[in-house]
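Reading the structure
Below are the chains, spelled out letter by letter.
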Amino acid sequence: MPGLNEKYEIIVGLEVHAELSTETKIYCACKNSFGAEVNTQCCEICTGLPGTLPTLNEKVVEYAVRMGLAANCKINNITKQDRKNYFYPDLPKAYQISQYDVPLCQNGWLDFLVDGEERRVGITRIHIEEDAGKLLHGESFSGSLVDFNRCGVPLIEIVSEPDIRSSKEAKAYLETLKQILVYLGVSDGKMQEGSIRCDVNVSVRLKGQEGFNNRVEMKNVNTFSGAARAIDYEAARQSALMEAGETVGQETRRWDDVKGENILLRSKENAMDYRYFPEPDLKTIVVDDSFVSALKEGLPELPNRKTARYMREYGLPAYDAGLLAESMDRAAFFERAAALGLCQPKNISNWLLGDITYFLREKKMELSESAVTPEKLADMVSRLEKGEISGAAAKIVAEALLDSGLSAGEIISEKGLAQVSDRDALESIVDAVLADSEKAVIQYKSGKTNVLGFLVGQCMKRSKGKGNPAVLSGIIAERLK
Amino acid sequence: MELYEYTAAELSAMFRAGECSAEEITRSALDRINTAEDKIQAFLTVTEENALETAKSADKKFSAGETLPPLAGIPIGIKDNICTNGILTTCASKILGNFIPPYDATVIKKIKTHYMPILGKMNLDEFAMGSSCENSYFKKTRNPYDTERVPGGSSGGCAAAVSAGEVPLALGSDTGGSIRQPASYCGNVGLKPTYGSVSRYGLVAFASSLDQIGVFAKTAEDAALLYSVICGKDEKDATSVRREYPDFAADISNFDCKKLRAGVPKEYFGPGIDGEVRDSVYKAIELLKENGAEIREISLPSTDYALSAYYIIACAEASSNLARFDGVKYGYRSEKFENLIDMYERSRSEGFGDEVKRRIMLGAFVLSSGYIDAYYNKAKATQALISREFASAFEQADLIITPTSPTTAFKLGEKTADPLQMYASDICTVTVNIAGLPGLNVPCGLDGKGLPIGMQFVGPHFSEEILLKAAHFYESLRGELPRALL
């Protein structure tokens, strides 16, 4: 299929479903956990046995309101829950308890960066609802079986305004959303476990056109990059139709990420009538202003804001700032280390995002579990900046900081890592290396001065990494003059 | 006099005095079931072994000198839409014909902790939809006063069994009159409590916002004893209400009729009401007046719209509540089907009876897009109007007195051909559910054919104490009602 014709503009709105990481399910006391054996995390309530009734887990409201506040939404003080009626074997009550006309949160927005440019996307609404079960298809049995473990897992649905104009923006929006969800601790954000899923609404229009054309909703989009592919595919499909003089119907289509195409599920004439009505088994949800403002005060600085601030306050590049802000622990660590004023914030960032992250991964350790403190790291970086240790020695110190409990100074003296810059001590090393490297010396003298690096390396080796390479290089140059 | 003929209060006193054992009481009821059930057909399941086991444990506790709750050892029947762990709960429907719940309804848990032997599960109109018990998939229950006539419905099995002496007490459910109307037809006291005062957890839902579990008994005192067992806030039912619930039987005789202000709404005594019924209720009102009650004529002008509003709201909720019976997980599944949709359609077409299908279709229609405003939303607005009218009526009356049903028991088959005529037998009771109020039927006489006539007391929210006391007092004025002769 050809790409999007340049005359057209893409319009995208996203409906994101995020599973909340509450201890228990939304309407019963069952554990909210992923990966348990089939049909072991369910009870008579979440399997909708006759006579059972739901009772709302208040944590779900709290989590949803937190997300609503993070997305700058208005929180509705009085909301209700509604039944969305449809038949499917993974929906044991044959209705999903959701929210229809009065969502918990509405009219918000999210800011994020696309290629370094700030973008704002409106959030239409965020509402709470229950997840359905899962159909299992297998070769060891005929037909389909149902796993009810996921029934009643709490979800929030986050609906955006049709403000997104490219697949790239869509992906950045989704990544921002995920980051915030994880940051707030309201969702684990695990895509591979289906914790975040999205429906993608796409339409195209001629650039400069007012209003929107019919939109197509795509289901079964399971990854962010899949969302980007689905959007590009659908936009191209629609623009090709329009080029051919046809109109795009209001449809629901199913995205197949393996084939890279979508197929028609239903057109507008066959649109589902969910017969929403207020859930009579549950009371009105009342969230008072004091509850909302307490949650608002408890809200952390969000990663998108943090990123912008790190760029501004510490002069970090967008990439570094974004990575640091991604993890709340690491961001806090960075800020405390930078606040000491002992060294360059950019250097702290380099160490945190580079070697420290690498060693932590090697040791299968979290930053918070390791022995390194912001003070100790800043101390080490400042010693490196002052030339007290070499970069090579710093790597050794950094690794030791993670599990030894000692300070950088203690590690340096214990391991004898202090850099030697004293000429007298280094001259003898240089002389010894030059005596052993006849061939290199001849090359150097014949004008191949790039062997200098080799010679410095030999000296470093002989000094067991402690020699100051700059001083060594100076001595070698002098000797071979 | 046989044990089965006594009231629960009398049996309780006899048991405590050591005059009879719980086992003897239960065996007497079981014997009565054996002789009467052929004619009455009130039970869908008799749980003889369970009942005897509970009775024996009550006896053991009694001999060990343990303190027992007032109704310990007094047997009870349970409408078959209330879930009982390990015991069939069919809702009198083919679609749940094999359904054995793995859990107990909250009221059943309470019954069990009170050592009340459960004698069995009582017949009803399928999913509690009906006014004659004729919509049961399994059997047709008969009125003990005239076995050619219906016991009323939907809790017809409960009402008939109490009246026939098969059980002294029963638990039913009332969505639009399903306790009060059969209680009226069979000459029982039937209490539909305030919405939210009894947990609905484990009651197979018909219309969630209107359903309420309540009691059948021979007297107001017995009803008070049983209501005291089942009422109260339940964490498993979000619509149940937390408040103080007194012991309703303890103080039941403490009633001053001279302080009673009774409202009589003219809309409930119109031309649709049978003359004998009207006269009998007026006579009862006169009796209360003679004993010092102040009688006030009141008006509830929106009553005319109540039946329509009721059937729209109830059917809307039912269409959603009954959607889970789809042949996938439990209950009836059609033997032959082509695909998933076909399995749904065949299982539901074959598993539900006509009246249930009629209400599901009506309910799905009134909720569908394009019609919801004209029907469902309008009905909800009417509901609010009716509730307001009751609230203002209760500013000038402590309780409202009406007939319970426009007629006495009709003949089997008499109204099955005309659903609208059948629906009209709920005309005096549905308003009470719509407003979430407590309503009570107390028998006030027999008509010329020897059939019981029922009088309805309606009170403000949580006024069960007044209703029960007033009914108890009225019973003392009325005297003994002739029993059904089998």
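Predicted model, so just to flag it, every value in this text is computed and none were measured.

1. Things to note about the overall build of chain A
For chain A, the helix and strand inventory stands at 15 helices and 16 strands. Along the first, second and third principal axes, the C-alpha set of chain A runs to 90 × 55 × 50 Å. A sequence separation of at least 24 residues applies to 69% of the contacts in chain A between residues at least 6 apart. Within the structure as shown, chain A displays about 22300 Å² of accessible surface, and the carbon and sulfur contribution to it stands at 50%. Positive and negative side-chain charges in chain A, numbering 60 and 71 respectively, have mean positions lying 3 Å apart.

2. Quick word on the packing of helix H12 (residues 423-436) of chain A against helix H15 (residues 469-479) of chain A
Axis angle and axis distance: for two packed helices, these are the angle between their axes and the distance between the axes, and together they describe the pair. All names here are of chain A. Two elements in contact, H12 and H15, have axes separated by 10 Å at closest approach and are oriented at 55°. It follows from the interaxial angle that H12 and H15 lie oblique. Relative to H15, the crossing made by H12 is right-handed. Note on element contacts: H15 touches H12 through Val471, Leu472, Ile475, Ile476, Glu478 and Arg479, opposite Arg423, Leu426, Glu427, Val430, Asp431 and Leu434. Each residue belonging to the contact of H12 with H15 can be placed in one class, and the counts come to seven nonpolar, no polar and five charged.

3. Notes on the packing of aromatic side chains
Residues and elements named next belong to chain B. Inspection of every chain in the model, using the stated rule, returns 28 aromatic pairs over all chains. Here the aromatic rings of Phe269 and Tyr282 are separated by 4.7 Å at their centres, their planes lie at 15°, and the arrangement is stacked. Separated by 13 residues along the polypeptide, Phe269 in the loop between strand E7 (261-265) and helix H8 (275-290) and Tyr282 in helix H8 bring together distant segments of the chain. A relative accessible area of 7% means that Phe269 is categorised as buried. Consider the rings of Phe365 and Tyr371, whose centres lie 4.5 Å apart with planes at 40°: the pair is tilted. Phe365 gets classed as partly exposed once you look at its relative accessible area, which sits at 33%. Judged by relative accessible area, Tyr371 falls into the partly exposed class, the value being 40%.

4. Concerning the packing of helix H2 (residues 167-184) of chain A against helix H5 (residues 303-314) of chain A
Residue and element names in this part refer to chain A. For the pair H2 and H5, interaxial distance at closest approach is 9 Å and the crossing angle is 105°. By the angle between their axes, H2 is roughly perpendicular relative to H5. Packed against H2, whose contacting residues are Thr176, Gln179, Ile180 and Tyr183, the element H5 presents Pro303, Asn304 and Lys306 at the interface. Here the residues of the contact of H2 with H5 sort into three nonpolar, three polar and one charged.

5. Observations regarding the pattern of salt bridges
Summed over all chains, the structure comprises 57 salt bridges over all chains. Residues Asp131 of chain A and Arg197 of chain A are paired through a salt bridge, measuring 2.9 Å at the closest nitrogen-oxygen approach. Placement of the pair is Asp131 of chain A in the loop between strand E7 (117-130) and strand E8 (134-137) and Arg197 of chain A in strand E11 (residues 196-206), with a sequence separation of 66 residues. Between Arg237 of chain A and Glu251 of chain A there is a salt bridge, with the nearest N and O atoms lying 3.6 Å from each other. You can see Arg237 of chain A sitting in helix H3 (residues 224-243) and its partner Glu251 of chain A sitting in strand E13 (residues 251-256), a full 14 residues away along the chain. A relative accessible area of 17% places Glu251 of chain A in the buried class. Here the residues in one salt-bridge network are Arg83, Glu279 and Asp281 of chain A together with Arg200 and Asp237 of chain B, joined through shared partners.

6. Brief notes about the domain arrangement of chain A
All names here are of chain A. Domain annotation for chain A reports domain 1 (8-295), domain 2 (301-415) and domain 3 (423-479). Measuring from the centre of the C-alpha atoms in domain 1 to the corresponding centre in domain 2 gives 38 Å. Each partner contributes residues to the interface: domain 1 has eight residues there, and domain 2 has 14 residues. Note on domain 1 versus domain 2: buried area summed over both sides is about 900 Å², and carbon and sulfur give 61% of it. Here domain 1 and domain 2 share one salt bridge between them. In this structure, Arg305 engages Asp111 in a salt bridge whose closest nitrogen and oxygen atoms are separated by 3.9 Å. The interface formed by domain 1 and domain 2 contains three residue pairs in polar contact (both at pLDDT 80 or more). Looking at the side of domain 1 that touches domain 2, the elements that each hand over two or more residues are strand E6 (105-114) and H2.

7. Considerations on the interface of chain A and chain B
With 29 residues of chain A at the interface, the matching set in chain B holds 37 residues. For the pair chain A and chain B, the summed buried surface comes to about 2700 Å²; carbon and sulfur atoms form 61% of the total. Connecting chain A to chain B are one salt bridge. Asp281 of chain A is paired through a salt bridge with Arg200 of chain B; the nearest N and O atoms lie 3.0 Å apart. At the junction of chain A and chain B, the tally comes to 14 residue pairs in polar contact (both at pLDDT 80 or more). The residue makeup of the side of chain A that touches chain B, split by class, is 17 nonpolar, five polar and seven charged.

8. Observations concerning H2 of chain A
All names here are of chain A. Spanning 18 residues, H2 covers 26 Å between terminal C-alpha atoms, matching the ideal 26 Å at 1.5 Å per step. Extensive coverage of H2 is indicated by the burial of 13 of its 18 residues. Where H2 terminates, the next one or two residues include Gly185, which has phi positive at roughly 75°.

9. Focus on the sheet that holds strand E15 (residues 277-278) of chain A
Read across the sheet, three strands follow the order E5-E4-E15 (chain A) without closing on themselves; strand pairing throughout is antiparallel. The two strands at the open ends of the sheet, each matched to only one other strand, are strand E5 (95-98) and E15 of chain A. Bridge count for strand E4 (residues 82-85) of chain A against E5 of chain A is four bridges, and the pairing is antiparallel. Along E5 of chain A, the bridge assignment pairs Lys84 of chain A with Gln96 of chain A. Across the sheet, helix H9 (residues 303-321) of chain B is in contact with E4, E5 and E15 of chain A; its angle to E4 of chain A comes to roughly 60°.

10. Thoughts on the environment of Cys231 of chain B
Residues and elements named next belong to chain B. Within the element layout of this structure, Cys231 appears in the loop between helix H7 (220-230) and E7. Sequence-wise, Cys231 and Gly214 are 17 residues apart; in three dimensions their C-alpha atoms are separated by 9.1 Å. With sequence-adjacent residues up to four places away left out, Cys231 is seen in contact with Lys110, Ser197, Val198, Tyr245 and Phe248.

11. Some points on the sheet that holds E11 of chain A
All names here are of chain A. Reading across the sheet, the nine strands line up as E2-E6-E7-E10-E1-E11-E12-E13-E14 and stay open at both edges, with mixed pairing between neighbours. This sheet does not close on itself; its edge strands, each paired only once, are strand E2 (74-75) and strand E14 (261-267). With seven bridges connecting them, E7 and strand E10 (residues 154-160) associate as antiparallel partners. Counterpart to Ile126 in the pairing with E10 is Ile158.

12. Remarks on the nonpolar core
By size, the foremost hydrophobic cluster in this structure holds 138 residues, and its most contacted members are Phe127, Leu171, Ile230, Phe390 and Phe457 of chain B. Per-element tally for this core: the top contributor is H9 of chain B, with eleven residues. If near-sequence neighbours (up to four positions away) are discounted, Leu171 of chain B is found in contact with Ile76, Gly77, Ile78, Lys79, Ile82, Val107, Ile111, Cys158, Gly214, Val215, Leu226 and Ile230 of chain B. Of all hydrophobic cores here, the second largest spans 66 residues; its members include Met67, Ile126, Tyr233 and Leu282 of chain A.

Calculation criteria
- Residues numbered from 1 in each chain as written.
- Chains lettered and ligands numbered in written order.
- Predicted model: local features only at pLDDT ≥ 70, side-chain atom pairs only at ≥ 80, totals over all residues.
- Heavy atoms only, no water.
- Helix = DSSP H or I, 4+ residues; strand = E, 2+ residues; numbered from the N terminus.
- Contact = heavy atoms within 4.5 Å.
- Areas by Shrake-Rupley, 256 points an atom, 1.4 Å probe, with all protein chains shown as cover.
- Lys, Arg positive; Asp, Glu negative; His and termini not counted.
- Charge placed at Lys NZ, Arg CZ, Asp CG, Glu CD.
- Axes fitted to C-alpha atoms, helices over the stretch in contact; angles between N-to-C directions.
- Parallel < 35°, antiparallel > 145°, perpendicular 65-115°, else oblique.
- Left-handed = near helix turned anticlockwise from the far one by under 90°.
- Nonpolar A, V, L, I, M, F, W, Y, C, P; charged D, E, K, R; others polar.
- Phe/Tyr/Trp six-rings, centres within 6.5 Å; stacked < 30°, edge-to-face > 60°.
- Buried < 20%, exposed > 50% of the residue type's maximum accessible area, 1.4 Å probe, protein only.
- Salt bridge = Lys/Arg side-chain N within 4 Å of Asp/Glu carboxyl O.
- Domains from an automatic or database assignment.
- Buried area = accessible area lost by both parts, 1.4 Å probe.
- Polar contact = N/O pair within 3.5 Å; in protein donor to acceptor, adjacent residues only side chain to side chain.
- Expected span 1.5 Å × (residues − 1).
- Pairing = 2+ DSSP bridges.
- Core = buried A, V, L, I, M, F, W, Y, C linked by side-chain atoms within 4.5 Å.

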